[in-house]
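Secondary and tertiary structure notes
As a plain string of letters, each chain reads:
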Amino acid sequence: MTQVPQNLKYTEDHEWVRTEADGSVIIGVTDHAQHQLGELVYVELPDAGRKVARGDAMAVVESTKAASDVYAPLAGVVVEANPALASQPELVNNDPYGEGWLLRLRPDSATDLAALKDSTAYTQLLAAGD
Amino acid sequence: MPFIPHTDDDLAAMLQTIGVADIDTLFDEIPAALRVSGLPGVPPGMSEAAVTRLMHGRAARNTDSLCFLGAGAYEHHIPAAVWELATRGEFYSAYTPYQAEASQGTLQLIYEYQSMLAGLVDLDVSNASLYDGATAFAEACLMAVRASRNRDSRRVLVARYLHPLWRKAAETLLTGQAVELVELPSADGRTDAGALATLDAQDFAAVCLPWPNFLGGLEPVDELTDWAHSHNLLVIAVCNPVALGLLKPPGKWGAQGADIACGEGQPLGIPLASGGPYFGFMACRQALVRQMPGRIVGQTLDIEGRRGFTLTLQAREQHIRRSKATSNICTNQGLMVTAATIHMSLLGSEGLRRVAAQCHANTRSLVGALTSLDGVALYFAPYFHEAVLQLPRPVAPMLAELAAAGILGGYDLSADFPELGQGLLVCATELRTAEDIEAYRLALAGALGMAVAA
Amino acid sequence: MKREELIFEQSRPGRRASTHAPATLAAIDDLPAAVLRETPPPLPEVSELQVVRHFTRLSQLNFSIDTHFYPLGSCTMKYNPRVSNTLAMLPGFLARHPLEPDNHAQGVLESLYELQEMLKAATGMSGVSLTPMAGAQGEFAGIAMIRAWHLSRGDTQRTQVIVPDAAHGTNPATATMCGCEAIEIPTGPDGDVDLDALRQVVGPKTAAIMLTNPSTLGVFERRISEIAEIVHAAGGLLYYDGANLNAILGRTLPAGMGFDVVHINLHKTFSTPHGGGGPGAGIVAVNARLEPFLPIPIVGKREGGHVWLTEADRPQTIGRLSGFMGNTGILLRAYVYMRLLGAEGMRRVSGYATLNANYLCVRLAAAGFTIAYPRRRASHEFIISLKDIARDTGATAMDFAKALLDRGFHAPTTYFPLLVPECLLIEPTETETRQELDAFVQALSEIRDLAIRDVGELKRAPQTTPVRRLDDVRAARQLDLTWQGKPRTVN
């Protein structure tokens, strides 16, 4: 069964967003997304300092059979990318909501967050897709 | 019926199984207005014997010459075993090794090729080849722009004395993506390292250095590589693979080595054949491998833990990444790479070194013989296996006269590089003998209207 | 099972195949030390017999057309006549330097000129350039010509290239390489392009539509004339991807369907070798409005002989695509094949290719397989979907592909086109016998029975190939792309 933690926000592109105490957000791909992709072999992440607009392709997750863009759920500036993924892309498969996080972003505006889906809406989205 | 195995009984039984009266009915979904009844512009078929006679006649209508022409395609000895083996049906009539378990021959061969090629240029990884040298050069420029640390630059610096036809092909291929080639300052047949300060280096993604350059000259690659790296430019080496039997490999240029190497693989066992098929090679540092276009083979294990080979990093390619692929390329020059791998295996490192050294020595002999004629002078040294001579008369009519005498005398540089005056690019590979060179000297003397002692 | 060591592992210091290089090392004393390599390149040191044996053994690890039925959809793996190779490799063709004077190469030029003429006839077009070195380069040339035509009319906004979602991946990748944007449109349930979707996307930004016909779904696009009208009315042009020309050769012409430019994969329809993945040849043919933009060089005919036409003769050309003139040796192989077939032989190609595909399709349907487009006539290829079997047994298209290898058949194309789940795209070609097709039906049926009976056993396939299933994830995560058995350089 696909996991959808309640404390996170979600996008239609199967990304999750978690707000940190300092106002930055952590972004990753959902359990559903990692299942769809299969075993990841590479994750391409942006450099710290890069400015992204909402909807920009900012990262790529790659399995042997597919490569998918990860789109910025919010406008902002990349603060850091998960350094562990360079050598261990499988973390995204094994722990998508934890060790497999992709990057930390400082959003331009906190109000953009409100537009994201909550876990109930995301669960409905997954159910509709089945 | 050529190549169609069906008997009348087969045909009747198959039509009955399908439930149609004849073959034409199978095309009933093509709107009637669009159908044609034949191809009137195509001649009738011929027997194999008749086509054989036709093609022998055509081959004989061509004119063989003594070849002192290089300029990007070189006449070298090709061991008989190379094409005997490469055209075995199991290589010749196989396709892209997508079904790895059914393609271990091709896959292992490509892995061996990648290993040889990477070793030759002394970089970490090689792809399975691209179309030819010119397109490999263009793809290297695109790759460098994608990988550049000078992020916004879409301009690439190129040595002036890179193959002029490659420049033209690259311009065709780069225009669509708005990548621009900008010439480096040059003097005396090579890049003028002293004039680099005039360039705003941050404006460029990479610098392309031919090795040797189109004129046979040896660029100041160590100095240029260090300059490029100190300004965050990538270094693309465009090299002749036979020359690398002798010359410093790109991986050893300057303090850090070049980042990408590419070039024309033809000198490694591929016949001249009117310009193709040849193959382009490309290698790079490990860190850039995901930006490299084209197929790549990797070693892995099967479910029983045995070594096997498979296409890898396919997610960069067009069949998965579609409009975001590194390139639209969907092939490698598999058969040519098969030949080149066999060729390199037969030569070995010592053989390749000796071929390279002999090419250089023969070109020195040629330069010596031709510059013994009054008014013929060497433009510069050192050179590898091509050299620029200054002639006392316009080059084109002289070459025509030599050709009529059965000698391909070289490449006329005066249109592409007018600063070289009446410049002629000559080449003598390991196949040219002392007698060949003497024949050229006598013919050139004749063309120049001189009387010389034989 | 057959294995073969790497050539490097057979190497011993000092061993040589000595007849292929000069007997001594010539003097290089005039070259400064700074330009020389310090250590020799790490090539293997082996005897000639070792080389012959090694590469012969490697070849024996391959499936190929010469050894196996190879029904790889969209690739047209038909018999490659040996005579095409024999004649293209006559010394009089191999010895030609690409920059020699035209009058030294008249035998080559005359053959290529006639090839151009035959390709015009086969497409109905008015101009041909032979220079693109593969289908993807033909696509590039086609879209670049279309862009150049729009620009020549001052129409600078046309940067969108429409491609159906069933298209081959090279189509959208080509659009990107030409500085255009690929716009995907859906396919209708019958396999034809969704015309309403097409009407919605065409407009003042439309540069072109790229179509394969028959499409990659193995059916003929019946409303092609309507598509042509819609796209032309919007100011765009039509690009024909000739990947599936084998299906219609001598039956209908791309020009008649309304296309402005065509590329043809000579390694498919005209039976030049696939060579383990190349070289190909992707010639382009165009109608009159695109003719000035054809890539160079092109063979021209003048009084006194044939000549290469270059920049000076073709000022509006999109330019060169290769260092010299493309894959000439492949062009000569196609020329030989076309002369052997002649006009009537070409029409037979499409007839019997379509016969074989429809026969195989009907027989597989009768054996209980699900045909993706059962109400449509198959072209030269067709798709079966294993979705139901996968749902019921867990056996995938990949499992079927691997099990076919154990039964002596190369697998069909799997997982392409992406639209059809668990698909096999099957193209038998015209050169296979009915007996071979029947044996293939038998093999697929046996595999299906095995899937139902013992899917675990099926998933162990292949068991007779030189290696078993390979770990693709390991290959990509722990990249090993070159042999590292000994240090490459010693400093």
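Residues numbered from 1 in each chain as written. Chains lettered and ligands numbered in written order. Predicted model: local features only at pLDDT ≥ 70, side-chain atom pairs only at ≥ 80, totals over all residues. Heavy atoms only, no water.

Some remarks on the overall build of chain A
Condition: Note on conventions: DSSP H or I runs of at least 4 residues are helices, E runs of at least 2 residues are strands, and numbering of each starts at the N terminus. A radius of gyration in this sense is built from C-alpha atoms; the matching globule rule multiplies 2.2 Å by the number of residues raised to 0.38. Partly exposed residues are those whose accessible area sits between 20% and 50% of the maximum for their type, while under 20% is buried and over 50% is exposed, using a 1.4 Å probe and protein chains only.
When you go through chain A residue by residue, the secondary structure sums to four helices and nine strands. In sequence order, chain A lays out its α and β elements as β-β-β-α-β-β-β-β-β-α-β-α-α. Relative to a compact globule of 130 residues, whose C-alpha radius of gyration would be 14 Å, chain A shows 14 Å and is just as compact. Viewed in the frame of its principal axes, chain A has a C-alpha envelope of about 35 × 35 × 25 Å. Within chain A, the fraction of its 130 residues that count as buried is 46%.

Structural notes on helix α8 (residues 221-230) of chain B
Residue and element names in this part refer to chain B. Spelled out, the test is: Note on contacts: a residue pair is in contact if any heavy atoms of the two residues lie within 4.5 Å.
What α8 keeps buried is the set Val 221, Leu 224, Thr 225, Trp 227, Ala 228 and His 229. In the core, the buried residues of α8 are packed alongside β3 (155-158), β6 (190-191), β7 (206-211) and β8 (234-239). Of the residues one or two after α8, Asn 232 is the one with positive phi, at around 65 degrees.

Some remarks on the packing of aromatic side chains
Formally: Only Phe, Tyr and Trp rings take part, Trp by its six-membered ring, and two of them pair if their centres are within 6.5 Å. Stacked means planes under 30 degrees apart, edge-to-face means over 60, and tilted covers everything else. Put simply, a charge is over a ring when the Lys NZ or the Arg CZ is close to the ring centre, within 6 Å, and near the line of the ring normal, within 35 degrees.
Taken as a whole and assessed by the stated rule, the structure comprises 19 aromatic pairs over all chains. An angle of 55 degrees between the planes, with centres 5.1 Å apart, marks the rings of Tyr 161 of chain B and Phe 417 of chain B as tilted. Of this pair, Tyr 161 of chain B sits in the loop between β3 and α7 (164-175) while Phe 417 of chain B sits in the loop between β16 (411-412) and β17 (423-427), and the two are 256 residues apart along the sequence. Per residue, the accessibility class of Tyr 161 of chain B equals that of Phe 417 of chain B, and both read buried. Here the aromatic cluster, defined as three or more aromatic residues joined through ring pairs, consists of Phe 3 of chain B together with Tyr 79, Phe 270 and Tyr 337 of chain C. Against the face of Tyr 42 of chain A rests Arg 290 of chain B, its NZ or CZ located 3.4 Å from the ring centre.

What to know about the nonpolar core
Defined as follows: Nonpolar cores were defined as sets of buried Ala, Val, Leu, Ile, Met, Phe, Trp, Tyr and Cys residues, with membership established by side-chain atoms within 4.5 Å. Either an automatic procedure or a domain database provided the assignment from which the domain bounds are taken.
Ranked by size, the top nonpolar core spans 116 residues in total, and within it Leu 119, Leu 198, Phe 270 and Ile 384 of chain C carry the most contacts. At 20 residues, helix α11 (residues 328-366) of chain C tops the list of elements feeding residues into this core. Residue assignment places this core across two domains, with domain 2 (83-341) and domain 3 (348-475) of chain C each supplying three or more. Excluding residues that lie within four positions of it along the chain, Ile 384 of chain C makes contacts with Leu 364, Phe 369, Thr 370, Ile 371, Ala 372, Glu 422, Cys 423, Leu 424, Ile 426 and Leu 444 of chain C. Counting 97 residues, the second largest nonpolar core, distinct from the first, contains Leu 123, Cys 239, Phe 281 and Ala 361 of chain B.

Some words on the pairing of strand β8 (residues 76-81) of chain A
All names here are of chain A. Cut-off, in case you're wondering: Pairing between strands is defined by DSSP: at least two bridges between the two strands are required.
Bridging between strand β5 (residues 51-52) and β8 involves two bridges; their strand directions are antiparallel. By the bridge assignment, Lys 51 is partnered in β8 with Val 77. Where β8 meets strand β9 (residues 103-107), five bridges bridge the pair, whose relative direction is antiparallel. Bridge pairing in β9 places Val 78 opposite Leu 105.

What to know about the interface of chain C and chain B
Cut-off, in case you're wondering: The buried area of a pairing is the accessible area, by a 1.4 Å probe, that goes missing from both parts when the two are put together, added over both. Each reported salt bridge corresponds to a side-chain nitrogen of Lys or Arg within 4 Å of a carboxyl oxygen of Asp or Glu. Here a polar contact is taken to be a pair of N or O atoms separated by no more than 3.5 Å, where protein atoms must pair a possible hydrogen donor with a possible acceptor and residues adjacent in sequence count only if both atoms sit in side chains.
Each partner contributes to the interface: chain C provides 201 residues, whereas chain B provides 186 residues. Together, the buried faces of chain C and chain B total about 16800 Å²; carbon and sulfur atoms form 62% of this surface. Taken together, the links from chain C to chain B amount to 15 salt bridges. Here Asp 28 of chain B ties to Arg 377 of chain C by a salt bridge, and the two come within 2.7 Å at their closest N and O atoms. Linking chain C with chain B are 95 residue pairs in polar contact (both at pLDDT 80 or more), by the criterion used here.

Focus: the domain arrangement of chain B
Residue and element names in this part refer to chain B. On domain assignment, one finds that chain B holds domain 1 (66-74 + 348-447) and domain 2 (80-342). Computed over C-alpha atoms only, the centres of domain 1 and domain 2 are separated by 28 Å. Each side of the interface is counted separately: domain 1 has 26 residues, and domain 2 has 27 residues. In total, about 2100 Å² of surface goes out of reach between domain 1 and domain 2, with carbon and sulfur atoms giving 70% of it. Residue Glu 419 is joined to Arg 160 by a salt bridge in which the shortest nitrogen-to-oxygen separation is 2.6 Å.

Digging into the sheet that holds strand β4 (residues 180-183) of chain B
Residues and elements named next belong to chain B. To be explicit about the condition: Inter-axis angles, ranging from 0 to 180 degrees, are taken between N-to-C directions of lines fitted to C-alpha atoms, where helices are fitted over the stretch in contact.
The sheet built from seven strands is open, its strands ordered β2-β10-β9-β8-β7-β3-β4 with mixed pairing. The two strands at the open ends of the sheet, each matched to only one other strand, are β2 (125-126) and β4. Strands in contact with helix α6 (residues 133-147) are β3, β4, β7, β8, β9 (260-264) and β10 (280-284); relative to β9, the strand with the most contacts, it is inclined by about 165 degrees.

A few points about the interface of chain B and chain A
Put simply, the test is: Side-chain classes follow a simple rule in which Ala, Val, Leu, Ile, Met, Phe, Trp, Tyr, Cys and Pro form the nonpolar group, Asp, Glu, Lys and Arg form the charged group, and the remainder, Gly included, forms the polar group.
Facing seven residues of chain B, the contacting portion of chain A comprises twelve residues. Buried surface at the junction of chain B and chain A, both sides included, amounts to about 760 Å², of which 42% is carbon and sulfur. One salt bridge connects Glu 62 of chain A with Arg 290 of chain B, and the closest N-O pair in it is separated by 2.8 Å. Taken together, the links from chain B to chain A amount to one residue pair in polar contact (both at pLDDT 80 or more). Residue composition of the side of chain B that touches chain A, by class: three nonpolar, no polar and four charged.

Observations regarding the packing of helix α11 (residues 395-404) of chain B against helix α12 (residues 434-447) of chain B
Residue and element names in this part refer to chain B. Which entries qualify depends on this criterion: What sets the label is the angle itself: under 35 degrees gives roughly parallel, over 145 gives roughly antiparallel, 65 to 115 gives roughly perpendicular, and the rest give oblique. Should the near helix be turned anticlockwise from the far one by less than a right angle, the crossing is termed left-handed; should it be turned clockwise, right-handed.
Two elements in contact, α11 and α12, have axes separated by 10 Å at closest approach and are oriented at 130 degrees. If you check the angle between α11 and α12, you find them oblique. Considering the relative orientation of α11 and α12, their crossing is right-handed. Contacts between α11 and α12 involve Met 398, Glu 401 and Leu 402 on the former and, on the latter, Tyr 440, Ala 443, Leu 444, Gly 446 and Ala 447. Looking at the contact of α11 with α12, its residues break down into six nonpolar, one polar and one charged.

Notes on the pairing of β8 of chain B
Residues and elements named next belong to chain B. Short version of the rule: Crossovers are described as right-handed under a simple rule: with the strands pointing away from the observer, the path leading from the first strand over the helix to the second runs clockwise.
Most of β8 is tucked away, with six of its six residues classed as buried. Side chains of β8 alternate between two faces, with Leu 234, Ile 236 and Val 238 and Val 235, Ala 237 and Cys 239 buried alike. The pairing of β7 with β8 spans six bridges and is classified as parallel. Opposite Pro 210, over in β8, you have Val 238 as the bridge partner. Taking the sense of rotation as the criterion, the β-α-β connection linking β7, α8 and β8 turns out right-handed. As paired elements, β8 and β9 share three bridges and run parallel to each other. Residue pairing for β9: Ile 236 is matched across the bridge by Ile 260.

What about the side chain of Gln 314 of chain B?
Note on placement: Gln 314 of chain B falls in the loop between β12 (307-311) and α9 (318-321). The residues contacting Gln 314 of chain B, other than those within four sequence positions of it, are Tyr 98, His 319 and Ile 320 of chain B.

Details of the sheet that holds strand β2 (residues 15-19) of chain A
All names here are of chain A. Spatially, β1-β2-β3-β9-β8-β5 is the arrangement adopted by the six strands of the open sheet, whose pairing is antiparallel. At either margin of the open sheet sits one strand with a lone partner, and together these are β1 (9-10) and β5. For β2 and strand β3 (residues 25-29), the ladder comprises five bridges, and the chain directions are antiparallel. For Thr 19, the partnering residue across the bridge sits in β3 and is Val 25.

Concerning the packing of helix α1 (residues 8-18) of chain B against helix α14 (residues 434-453) of chain C
As a packed pair, α1 of chain B and α14 of chain C sit with axes 11 Å apart at the nearest point and diverge in direction by 40 degrees. The orientation of α1 of chain B with respect to α14 of chain C, classified from their angle, is oblique. On α14 of chain C, the residues that touch Asp 9, Asp 10, Ala 13 and Met 14 of chain B of α1 of chain B are Arg 434, Gln 435 and Leu 437 of chain C. A breakdown of the residues in the contact of α1 of chain B with α14 of chain C according to their chemical character gives three nonpolar, one polar and three charged.

Let's talk about the pattern of salt bridges
A complete count under the given rule lists 64 salt bridges over all chains for this structure. In this structure, the salt-bridge partner of Glu 117 of chain C is Lys 120 of chain C, at a minimum N-O distance of 2.9 Å. Linking Glu 117 of chain C with Lys 120 of chain C, this pair stays in helix α4 (residues 106-123), spanning three residues, or about one helical turn. Ionic pairing is found between Asp 388 of chain C and Arg 391 of chain C, a salt bridge with its closest N-O pair at 3.4 Å. Of this pair, Asp 388 of chain C and Arg 391 of chain C are both found in helix α12 (residues 387-393), three residues apart, which corresponds to roughly one turn of the helix. Look at the salt bridges and you will find they share partners, linking Glu 29 of chain B together with Asp 190, Asp 192, Arg 222 and Arg 376 of chain C into a network.

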